[in-house]
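Remarks on the overall topology
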Amino acid sequence: MLKMKYRELYCSSPRYWGGLASLVFIILIGLGAAFHMEHSGHYVTGMSNQIVWGLPHVFAIFLIVAASGALNVASIGSVFGGPMYKPLGRFSGLLAIGLLAGGLVVLLLDLGRPDRLIVAMTTYNFKSIFAWNIILYTGFFTIVGLYIWAMMDRKIAHLKRPIGFAAFFWRLALTTGTGSIFGFLVAREAYDAAIMAPMFIIMSFSYGLAFFIITLMAAYWWAGRTIGDLRLAKLKNLLGVFVGAVLYFALVYHLTNLYVTQHHGVERFILLDGGIYTSMFWIGQVLVGGIIPLFLLYSPAFTHSRFAIAVASLLVLIGGFFQVYVIVIGGQAFPMSLFPGKEVVESTFFDGVVAAYTPTAAEALLGIAGVAVSMTLVAIGARMLRVLPETLEDPQEGEAA
Amino acid sequence: MRSLSGIRRIAGLLVGGALLLLTTGAISDTAVTKGSKAAGMDSCVAPTADMRRNHMDYLKHDRDRTVHKGVRDTRNSLAACIDCHAEKSEAGGYKPVNAEGQFCASCHSYVAVNLTCFQCHSTTPQGADEKVSQNAAGGAGLGLLHGMEQPLSLTRDELQRLHAKVEGN
Amino acid sequence: MSNRDDQPDMNRRAFLGQTALAAGAATVAPGVLLAVANGEADEGVTSDVRWGMLIDTNKCADGCTACVEACDKENGIDLIQRPQGQSDEMWNAQRPQWIRKLKVRDTQTGAVSNLPMMCQHCEHPPCVDVCPTGASFKRADGIVMVDRHTCIGCRYCMMACPYKARSFIHQDVVRQRTNAPRGKGCVESCNLCAHRIDAGQESTACQEACSAEGHKAILFGDLKDPQSEIAQALKAHESRQIRGDLELNTGVRYSNI
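Residues numbered from 1 in each chain as written. Chains lettered and ligands numbered in written order. Predicted model: local features only at pLDDT ≥ 70, side-chain atom pairs only at ≥ 80, totals over all residues. Heavy atoms only, no water.

1. Brief notes about unusual backbone geometry
Residue and element names in this part refer to chain C. Even without being glycine, Lys164 reaches a positive phi, approximately 50°. Structurally, Lys164 can be placed in the loop between α5 (156–160) and β6 (167–168). Positioned with a positive phi, Leu192 is a non-glycine residue whose angle comes to about 50°. Relative to the elements of secondary structure, Leu192 occurs in the loop between β7 (187–188) and α6 (194–198). (Helix = DSSP H or I, 4+ residues; strand = E, 2+ residues; numbered from the N terminus.)

2. A word on the packing of aromatic side chains
Applying the stated rule across the entire model yields 27 aromatic pairs over all chains. With a centroid separation of 5.6 Å and 55° between ring planes, the pair formed by Phe91(A) and Phe212(A) is classed as tilted. Residue Phe91(A) is located in helix α4 (residues 89–109), and its partner Phe212(A) is located in helix α8 (residues 196–223); the two are separated by 121 residues in the primary sequence. Assigned by exposure class, Phe91(A) and Phe212(A) land together as buried. On the numbers, 4.7 Å between centres and 35° between planes, the contact of Phe130(A) with Tyr156(C) is tilted. In this pair, Phe130(A) sits in helix α6 (residues 129–152) while Tyr156(C) sits in helix α5, so the two residues belong to two different chains. The pair formed by Phe130(A) and Tyr156(C) is uniform in burial state, with each residue classed as buried. (Phe/Tyr/Trp six-rings, centres within 6.5 Å; stacked < 30°, edge-to-face > 60°. Buried < 20%, exposed > 50% of the residue type's maximum accessible area, 1.4 Å probe, protein only.)

3. Some remarks on the sheet that holds strand β8 (residues 218–222) of chain C
All names here are of chain C. In space, the three strands of this open sheet follow the order β8-β1-β9, with mixed pairing throughout. Single-partner strands in this sheet number two, and they are β8 and β9 (252–255). Ignoring strand direction, the axes of neighbouring strands in this sheet form an average angle of 20°. Pairing analysis gives four bridges linking strand β1 (residues 51–56) to β9, with the strands arranged parallel. Bridging from a neighbouring strand, Leu54 pairs with Arg253 of β9. Lying on the sheet, helix α8 (residues 229–236) is in contact with β1, β8 and β9; it crosses β8 at an angle near 115°. (Pairing = 2+ DSSP bridges. Axes fitted to C-alpha atoms, helices over the stretch in contact; angles between N-to-C directions. Contact = heavy atoms within 4.5 Å.)

4. Considerations on the environment of Asn256(C)
Residue and element names in this part refer to chain C. Along the chain, Asn256 turns up in the segment after β9. A relative accessible area of 43% places Asn256 in the partly exposed class. Along the primary structure Asn256 and Ser87 are separated by 169 residues, whereas in three dimensions their C-alpha atoms are 37 Å apart. Excluding residues that lie within four positions of it along the chain, Asn256 makes contacts with Asp56, Thr57 and Asn58.

5. What to know about the interface of chain C and chain B
Contacts between the two partners involve 28 residues from chain C, matched on the other side by 24 residues from chain B. Overall, the association of chain C and chain B removes approximately 2,500 Å² of surface from exposure, summing both partners, and the carbon and sulfur fraction of that is 49%. The partner of Asp198(C) in a salt bridge is Arg72(B), and the shortest N-O contact between them spans 2.6 Å. For the interface between chain C and chain B, the tally reads nine residue pairs in polar contact (both at pLDDT 80 or more). Elements with a contribution of two residues or more to the side of chain C that touches chain B: α1 (10–38) and α6 of chain C. Looking at the side of chain C that touches chain B residue by residue, the classes come out as eight nonpolar, ten polar and ten charged. (Buried area = accessible area lost by both parts, 1.4 Å probe. Salt bridge = Lys/Arg side-chain N within 4 Å of Asp/Glu carboxyl O. Polar contact = N/O pair within 3.5 Å; in protein donor to acceptor, adjacent residues only side chain to side chain. Nonpolar A, V, L, I, M, F, W, Y, C, P; charged D, E, K, R; others polar.)

In structure tokens:
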């Protein structure tokens, strides 16, 4: 059996530092945007008392959800014993940490009072799922950090399985927690559904794996290493299953809602006449994020096309972004029903009308910076730690792995 | 090198001495502004040295009582601080306590400590014409010398001893 | 001999322990001492009262905004400056509104009612449940409010509130009233004029203004006192909670809707 050798990501200096510099540049612009938002106040954003969570939250939730999903590859390798996934475990852990950090940075910088981070860390209201999430996030960093350590250090290799299990359950809790942020909002019709939490888990599987495939391919292209066809095919098939599952959950979610007469209004809004949100749902989430990637992944015409895999993964991410956008913003834009059976004729506060939201550049730049933070952490981590195998050639005939 | 060190030592002593003078000067000087109600009073709600050192803790403690328990006639209420320490301006109104040279700002800028109260709180007393609750028990400006048998004034020596005591605990 | 350097120095350990103890005592002591000195055992608001409102929509006049104006003045909302260059639409969506007037029409019968809408001061407030730092809290006397000292501006309470009663401060605020501190980046909402209640008054600005206009649509008082006007009225006439299906047991009730 060939021994798997891990080595730091190494490529020519200009290529590495150039890439890193452009990422840092994006981050700096994002920080500038965040400073602008905090200095002038949130009036410079499109957010208001109607749409209280905007584009930054879409980015943050998207990244956090993807983070727990990115850890899946490691879980499959060490918890469920998939030999083909085993060499990818370390990178999977690193990516998970990077994505979570990126998401949290965005979330933090969008707070009304980010200077009170210390308050958020020291005063807890344990009834709040948000407070639990703060603990879940910190715990995730610790456990995944230990997990990577266990995967890399022979001396504690025997701890790999138990820590792997812990990390697996922790990530499930984390995504459940993130999903519950919305599921617990009884007042808003679009959110009040128990299916939110499992739906977020399956979304995390899909986005996390898509992120994993893209970053893995990018890293190997960057460093000029090779990935075997068989391994990619495995990842690709798995992605296909997850994308299908996300579509299925979206279907169940909307069918359940359609069964409840009270929710017909919000369903009509998302599925039929919600303008931008309807387009985002059908074109963004279903077509770009579901049907086209499925076609690219399963069509015999693209069986050996790496380009198709990369494009499919990218589309999954774009579709996923729209899906989170529809959930977060669309759910808020739909008016809350204060008086069932009555319509609001006059209000100074936009009661009973669809709330308008146009994100500003500052919000978008902050969100993009979050993605850049994730990628920077991954790039630095891969350069400093031995997380990527020297080669991911397919195992020779007759070899275990 | 050896000869230099002596000079250095003397220079250091001089600089240190100058700094010491500056500090003690600051301690003895009062930040209370002339045109404020506080200027006509013997002492704050506690000895000056105590207030200088502990006012933030007193304020924080009573702010929680006010916000969570609705106790507004506390000894250490920020509104009362402002009532007393805001300086009357020529125009008839008040100068904000966090304006340059005013009571709060002069000290806080001297010690370079951020003053965050006034991100939210009013910096001038509520004018008599727009007073909301006339019948507030104990009222904003009252209760000032509450619990004080006699106003205390400390000499510089006493003050320094107090400082040493507090720091050496 | 050299081995002994590796052993923990017991003296040092004891010293560290004592230091930690002393530091702890120093942190806790002032609070305890202050509490003792001020005799704070049972002070402040009690749960023997619960403040609430009854709004008679029949008496609420179409086009009258006296309650809104009174609230804006009382709580310094009228002192907030619109940011330079902000459009009417955005300003309307972003400025704080503690109380707002609504006109609703029954889709079947066409019956029209007017009513003021504000924080309903729930017994089980969703905003308090979701707040990560506990800044959103309910006072013993039933008033739901925000402790701005611990609010981090995450706006989760605004997501959770079924009544859209909360507002986020989107810009710098230069002038405030002493009784209504306000600053950029925190969330706020109607607090039933808590400063008045704490001063011993049993009225809110909106209720006062409504009475002054002669409408008397708003009744304010102690829900727990069976002799109070509001408790009697609630007992005598049918009234309802808005979004009663959520079983939040609101402190603000409406009749004739």
